[in-house]
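What the coordinates show
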Amino acid sequence: MADKVLSLPISPVMTDEEVELVARIIITRPGKKEGSSDQSVLCLDKPERVQPMRSLKHESLWIGIIYFLSLLGIALWVRDIPNQPDPFTTIQQLIEVSTMGDPASFATAAIDIAQNGWISSSNNWIFNLWPPGFVLLEASIIKLLGPSVPIILVLQILATVLFSIVLVLLYDLLRTCLKRKVIAFTLPLLIFSFPVARVFLLQPKGITLGESFAIGFFLLSILLVYRSVVRSSLRYAVYAGLCLALSAYFRSQFEILLLSLTGWGILLVIAIQLTRLRNSIESKFVKPSIKTIIIVLFIAHATTFPWRAYHWIYEGSPAWVYTSSLTFRNSVMTSSYLESIQGGWIVAGGGNLVCRIDPSTCGDTAHAKKLFVKTFITHPIEWYTLKFDVIGKYWFSSVRNWGNVSVESTSMDMVTNGLLLIVLVTLVTLVFTRKVRLHGSWVLLIWFNASLFSAYMLIFTVAQFEVRYFYFPKIAGIFMAIIVTCLYFRPMKTQVHISND
């Protein structure tokens, strides 16, 4: 009789006892005595060798250390753009040397909180424009280590720790898909082979914006959601919700991402329950997927509630930030006026489209919000035409630019950004292929990618373009493309013969 084949879903995270139990599997033919069974075949869903949990923890620790040292080296010694702040700059010196308004405002608020316990009324406007996460982090560093602490260096070390954790979890996901661990180890570092990731996430100029931490926590939430579903462990969903909320606390656009995730999450849960989408998901992943989406969103919104309550009490509205009023106001300003007050970057980024499309609205700041909505609804083609006329130069911009496109792109910038555009197109293409849709995690990929595209479509529709607004979509595109490509090329089940000795 031919050998029997047993197909079992084997997890790489197993205790020593479970490993021993799997090694002793015996399949006995009906009517045969014990010990006379035919040779059996065990099909592993994962190509890697099953390892004890203790061994995997040690492996992850050492890999994490290697990632940490690699990223720390990039943070301290690699400089992709000139004239960056010294890592040993103090918080007070940062206010004096910063060429951008955001870092100076954050530092001012951090000193205020460290000295007085909370932000004073004279600086309260800072918390109307930005959420408090990064400011509170800087204030905590000053409070614990003193005002003379090299603030940029400490922030770089903390960011390095955060992204080391992200890379370890990404490695843990990739090694379930790839036969060779060296490839699974190398692929996460591919993110930092691009200058945009090195500059924006780890180097001094980027680290002072605080967006490194928002991005790190957001990427961490994606990986934790995946773990929650694949391992059927809802504690990872709780961690993911906390990380998602933290990303919003560090940068306001991630609150828009949270709202987008909420909308798409509700739609997906309903679709899984009521439509044929449920049949396209492997049965063992249906309930974990639904529970994970619900728990992640509940924890994230519960964690963001205190800041909404703070604004509701002191500002009369539960808005996360109040930058939208500035956006509406700028939209009805003439180009000449904005340029006269050093707002040329708003004009160049398409920030005053209402006035440019309908000159009769120019200067009517009292009805700016109403005019903004009316003009967009009545002139959508002209609106997006003006947007798309300039989007190319922002996407293909040099990493030396942050707001406006002031430094001309080099041929290398064009090649690198062209490659990143190809990565995004590949991501969108592969995520809908049959090979990817067969994986139980496919619904999670749809959830995050649809939310990302929807949120940034809204942001780019409403706000003026700034070069740095495109940095996170590029980084997220690389990150998601690595995961989707891994799933696309994931090998079929591997047959392993188990003797009956």
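Parameters and conventions
Residues numbered from 1 in each chain as written. Predicted model: local features only at pLDDT ≥ 70, side-chain atom pairs only at ≥ 80, totals over all residues. Heavy atoms only, no water. Helix = DSSP H or I, 4+ residues; strand = E, 2+ residues; numbered from the N terminus. Buried < 20%, exposed > 50% of the residue type's maximum accessible area, 1.4 Å probe, protein only. Contact = heavy atoms within 4.5 Å. Areas by Shrake-Rupley, 256 points an atom, 1.4 Å probe, with all protein chains shown as cover. Expected span 1.5 Å × (residues − 1). Core = buried A, V, L, I, M, F, W, Y, C linked by side-chain atoms within 4.5 Å. Disulfide = S-S within 2.5 Å. 1 Å grid on protein atoms, 1.4 Å probe; cavity = no way out; pocket = protein on both sides within 12 Å on 5 of 7 lines; lining within 4 Å. Points joined across faces, edges and corners; volume = space filled by probe spheres on them. Nonpolar A, V, L, I, M, F, W, Y, C, P; charged D, E, K, R; others polar. Axes fitted to C-alpha atoms, helices over the stretch in contact; angles between N-to-C directions. Parallel < 35°, antiparallel > 145°, perpendicular 65-115°, else oblique. Left-handed = near helix turned anticlockwise from the far one by under 90°. Phe/Tyr/Trp six-rings, centres within 6.5 Å; stacked < 30°, edge-to-face > 60°. Lys NZ or Arg CZ within 6 Å of the ring centre and 35° of its normal.

1. Topic: the overall build of the protein chain
- In terms of regular secondary structure, the protein chain is built from 24 helices and 5 strands.
- Scored against the burial criterion, the 501 residues of the protein chain give a buried share of 52%.
- Within the protein chain, residue pairs in contact and separated by at least 24 positions form 74% of the contacts whose partners lie at least 6 positions apart.
- Carbon and sulfur atoms make up 64% of the accessible area of the protein chain, which totals about 23,500 Å².

2. A word on helix α4 (residues 101-116)
- With 16 residues, α4 extends 23 Å between its outermost C-alpha atoms, agreeing within 8% with the 22 Å of an ideal straight helix rising 1.5 Å per residue.
- Among the 16 residues in α4, 12 count as buried, and that is most of the element.
- Buried residues belonging to α4 abut α3 (91-97), α5 (125-129) and α6 (133-145).
- One or two residues past the end of α4 sits Gly117, with phi positive at roughly 95°.

3. Regarding the nonpolar core
- Ile191, Phe192, Phe218 and Phe479 are the most contacted members of the largest nonpolar core, which has 137 residues in total.
- At 15 residues, the largest contribution of residues to this core is made by helix α7 (residues 151-174).
- Non-local contacts of Phe192, meaning those with residues more than four positions away in its chain, are made with Leu71, Ile74, Phe163, Leu167, Ala197, Arg198, Leu201 and Leu202.
- In this structure, Phe328, Val332, Leu371 and Phe372 belong to the second largest nonpolar core, which totals 9 residues.

4. Some thoughts on the state of the cysteines
- As enumerated under the stated definition, the model contains 1 disulfide in all.
- A sulfur-sulfur distance of 1.8 Å marks the disulfide that ties Cys355 to Cys362. Its torsion about the S-S bond being 95°, the disulfide of Cys355 and Cys362 is classed as right-handed.
- Relative accessible area serves as the criterion here: at 7%, Cys355 is assigned to the buried category.

5. Some points on the layout of surface pockets
- Of the voids in this model, the largest pocket is the one considered here, and its volume is about 1,500 Å³.
- Lining the largest pocket are 50 residues, and of these Thr323, Thr327, Gln464, Glu466 and Tyr469 lie nearest its centre.
- Among the secondary structure elements, those contributing two or more residues to the lining of the largest pocket are α4, α5, α13 (253-274), α15 (324-331), α16 (335-340), α17 (344-348) and α23 (442-462).
- It is α15 that contributes the most residues to the lining of the largest pocket, 6 residues altogether.
- Partitioning the lining of the largest pocket into residue classes produces 25 nonpolar, 15 polar and 10 charged.

6. Topic: empty space enclosed by the protein
- Summed over the entire model, instances satisfying the criterion amount to 3 cavities of 30 Å³ or more.
- In this structure, the largest cavity occupies an estimated 90 Å³ of space.
- In terms of lining residues, the largest cavity is bounded by Leu173, Ile222, Leu223, Tyr226, Ser441, Leu444, Leu445, Phe448, Met480 and Ile483.
- Counting only elements with at least two residues in the lining of the largest cavity, the list comes to α11 (211-230), α23 and α24 (471-488).

7. So, the packing of α11 against helix α14 (residues 283-315)
- Where α11 meets α14, the axes come as close as 8 Å, and the angle between the chain directions of the two elements is 140°. Between α11 and α14, the angle is such that the two are oblique. Considering how the two elements wind past one another, α11 and α14 form a crossing that is right-handed. Packed against α11, whose contacting residues are Val225, Ser228, Val229 and Val230, the element α14 presents Phe285, Pro288, Ser289, Thr292 and Val296 at the interface.
- Class assignment for the residues of the contact of α11 with α14 results in 6 nonpolar, 3 polar and no charged.

8. Here we look at helix α21 (residues 411-430)
- Here α21 contains 20 residues, and its C-alpha end-to-end distance of 28 Å stays within 8% of the 28 Å for a straight helix at 1.5 Å per residue.
- For α21, the set of buried residues is Asp413, Asn417, Gly418, Leu420, Val423, Leu424, Leu427 and Leu430.
- The inward-facing, buried residues of α21 contact α9 (195-201), α20 (380-395), α22 (434-437), α23 and α24.

9. Topic: the packing of aromatic side chains
- Under the criterion given, the structure shown has 37 aromatic pairs.
- Ring plane angle 70° and centroid distance 5.2 Å describe the contact between Phe200 and Tyr471, whose orientation is recorded as edge-to-face. Residue Phe200 is found in helix α9, and its partner Tyr471 is found in helix α24; the two are separated by 271 residues along the sequence. Tyr471 shares its class with Phe200; the two are buried.
- The interplanar angle of 25° and the centroid separation of 6.3 Å between the aromatic rings of Tyr394 and Phe470 together place this pair among those described as stacked. Residue Tyr394 is located in helix α20, and its partner Phe470 is located in the loop between α23 and α24; the two are separated by 76 residues in the primary sequence.
- On the accessibility criterion, Phe470 (2% relative accessible area) is buried.
- Ring pairing ties together the aromatic residues Phe218, Phe254, Tyr394, Trp395, Trp447, Phe448, Tyr456, Phe460, Phe465, Phe470 and Phe472, which thus form one cluster.
- Its guanidinium or amino end placed over the ring of Phe465, Lys387 lies 4.7 Å from that ring's centre, counting from NZ or CZ.

10. A word on the environment of Leu169
- The topology assignment puts Leu169 in helix α7.
- Separated by 51 residues in sequence, Leu169 and Leu220 have C-alpha atoms that sit 8.0 Å apart.

11. Regarding the side chain of Lys387
- When you line up the elements, Lys387 lands in helix α20.
- Residues contacting Lys387, with those up to four places away along its chain left out, are Gly349, Gly350, Leu353, Phe460, Thr461, Ala463, Gln464 and Phe465.

These values are about where atoms sit, not about what they do.
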